[in-house]
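Coordinate analysis (summary)
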Amino acid sequence: MSKAIQLFGKMLTFSRIKITTDNLGDIQAELTNALSGNSATANIPVVIDSDVNLDLEALVDNLWQLGVQPIGVVDGVLNTQAKQLRLAILPPDGKRLERIQPKEDRPVKPAVINKPDNSTNNNANTAVSTPVQAPTYQPQPSSTYAQMVRSGQSIHHFGGDLTIIGGVNQGAEAITDSNLHIYGRGLGRLVAGATGDKDARIFCQKFNPTLVSVAGTYCLSEGIPSEMIDEAVQVSYDEKEGLVFTKIDT
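Scope of this entry: the structure provided in the associated data block. (Residues numbered from 1 in each chain as written. Predicted model: local features only at pLDDT ≥ 70, side-chain atom pairs only at ≥ 80, totals over all residues. Heavy atoms only, no water.)

With that settled, consider the packing of aromatic side chains. Going through the model one piece at a time under the given rule, you end up with one aromatic pair. With a centroid separation of 6.0 Å and an interplanar angle of 55 degrees, the aromatic rings of Phe-207 and Phe-245 are classed as tilted. Of this pair, Phe-207 sits in strand β12 (residues 202–207) while Phe-245 sits in strand β16 (residues 242–247); the two residues are 38 residues apart in sequence, bridging distant segments of the chain. Judged by its relative accessible area of 15%, Phe-245 is buried. (Phe/Tyr/Trp six-rings, centres within 6.5 Å; stacked < 30°, edge-to-face > 60°. Helix = DSSP H or I, 4+ residues; strand = E, 2+ residues; numbered from the N terminus. Buried < 20%, exposed > 50% of the residue type's maximum accessible area, 1.4 Å probe, protein only.)

Structure follows, in structure tokens:
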């Protein structure tokens, strides 16, 4: 019998709205100015990041009226209200998301997914309960993928560094929760520190991705400094500066 559900890891892009006041009138006015009539923001998912307590339900209603989709809050003062509204609570920058661990060890091999074209059992009759040792999950060590990651493929590895020998084509993606090393051209979506590791880095021999992300902070191709294109580059994360691009001396 086939399983009713399957769990997959997938990187999703969403925007974050930083709230600095509890004055809903001021918030409404600025949101209307920023979002109303802007086709680029239509139906985008957003996360609310607030340092002040406010009426979360009213804010969520306002966001929906403006055509954006509030999906959660950053862990903080709005947690109680978020739980009542059944919104997600996401970790702040630099904090790792906890993964759902498998019940048995998996082979040390990166997962390659061809993406579609459009994207303790309890026995009631037992008198004496015998403890059962649950299978333990061993973190996967670093992994090497010695092929080109082709367009439409997604390769991800969790628990250690991911090294790709051959490059990442346009329309492909490489994702790891640790460091990402690319020997070749990096043209697709390059993601390191996918679960929030702010010490993760990307090292790419010839750097020209459509999207680059470290510790959940991302940058699209148009935001990458032009002097970094087609160069050997290291990408790191800084809490104050965000993504930091540095040329690697070769």
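A word on the sheet that holds β12. Across a sheet, strands are paired by hydrogen bonds formed along the backbone, either parallel or antiparallel in direction. An order of β6-β8-β10-β12-β15-β16 is seen for the six strands of this open sheet, with the pairing classed as mixed. In this open sheet, the two edge strands, each paired with only one partner strand, are β6 (143–145) and β16. Across the sheet, the mean angle separating the axes of adjacent strands is 20 degrees when strand polarity is ignored. As paired strands, strand β10 (residues 180–186) and β12 are joined by five bridges and run parallel to one another. Residue pairing in the sheet places Leu-180 in a bridge with Ile-202 of β12. (Pairing = 2+ DSSP bridges. Axes fitted to C-alpha atoms, helices over the stretch in contact; angles between N-to-C directions.)

This brings us to helix α1 (residues 24–35). Relative to the 16 Å expected for 12 residues at 1.5 Å per residue, α1 spans 16 Å between its end C-alpha atoms, a close match to the ideal helical length. Along α1, the residues classified as buried are Ile-27, Leu-31 and Leu-35. Summarising the axial view, the buried residues of α1 lie within an arc of 35 degrees, below the 170-degree limit, and thus occupy one face. Turned more than 90 degrees off the buried face of α1, the exposed positions are Glu-30 and Asn-33. Looking at the packing, one finds that the buried side of α1 touches β1 (15–19) and α2 (56–65). With its phi angle positive at about 75 degrees, Gly-37 sits one or two positions after the end of α1. (Expected span 1.5 Å × (residues − 1). Arc of directions from axis to C-beta. Contact = heavy atoms within 4.5 Å.)

Okay, the pattern of salt bridges next. In total, this model carries six salt bridges according to the counting rule given. Across the pair Asp-49 and Lys-18 runs a salt bridge whose closest N-O atoms are separated by 3.6 Å. Of this pair, Asp-49 sits in strand β2 (residues 45–50) while Lys-18 sits in strand β1, placing them 31 residues apart in sequence. Overlapping salt bridges bring together Arg-16, Lys-18, Asp-49 and Asp-51 as one network. (Salt bridge = Lys/Arg side-chain N within 4 Å of Asp/Glu carboxyl O.)

This part covers the packing of α1 against α2. Orientation of α1 relative to α2, taken along the N-to-C sense of each, is 15 degrees, at an axis distance of 11 Å. Classified by the angle between their axes, α1 and α2 sit roughly parallel to one another. Judged by the sense of rotation from one axis to the other, the crossing of α1 with α2 is right-handed. Along the contact surface, α1 presents Leu-24, Ile-27, Gln-28 and Leu-31, while α2 presents Ala-58, Leu-59, Asn-62 and Leu-63. Classifying every residue of the contact of α1 with α2 by side-chain character gives six nonpolar, two polar and no charged. (Parallel < 35°, antiparallel > 145°, perpendicular 65-115°, else oblique. Left-handed = near helix turned anticlockwise from the far one by under 90°. Nonpolar A, V, L, I, M, F, W, Y, C, P; charged D, E, K, R; others polar.)

The subject of this paragraph is the nonpolar core. Counting residues in each nonpolar core, the largest one holds 27 residues, and the members touching the most others are Ile-164, Leu-180, Phe-207, Val-212, Val-235 and Phe-245. The set of elements that each furnish at least two residues to this core consists of β8 (162–165), β10, β11 (189–192), β12, β13 (211–214), β15 (231–238) and β16. Those residues in contact with Phe-207 that lie beyond four places of it in its chain are Gly-186, Leu-190, Val-212, Ile-224, Met-228, Ile-229, Asp-230, Glu-231, Val-233, Val-235 and Phe-245. If you look at the next biggest cluster of nonpolar residues, it comprises 18 residues, including Ile-17, Val-60, Leu-66 and Leu-87. (Core = buried A, V, L, I, M, F, W, Y, C linked by side-chain atoms within 4.5 Å.)

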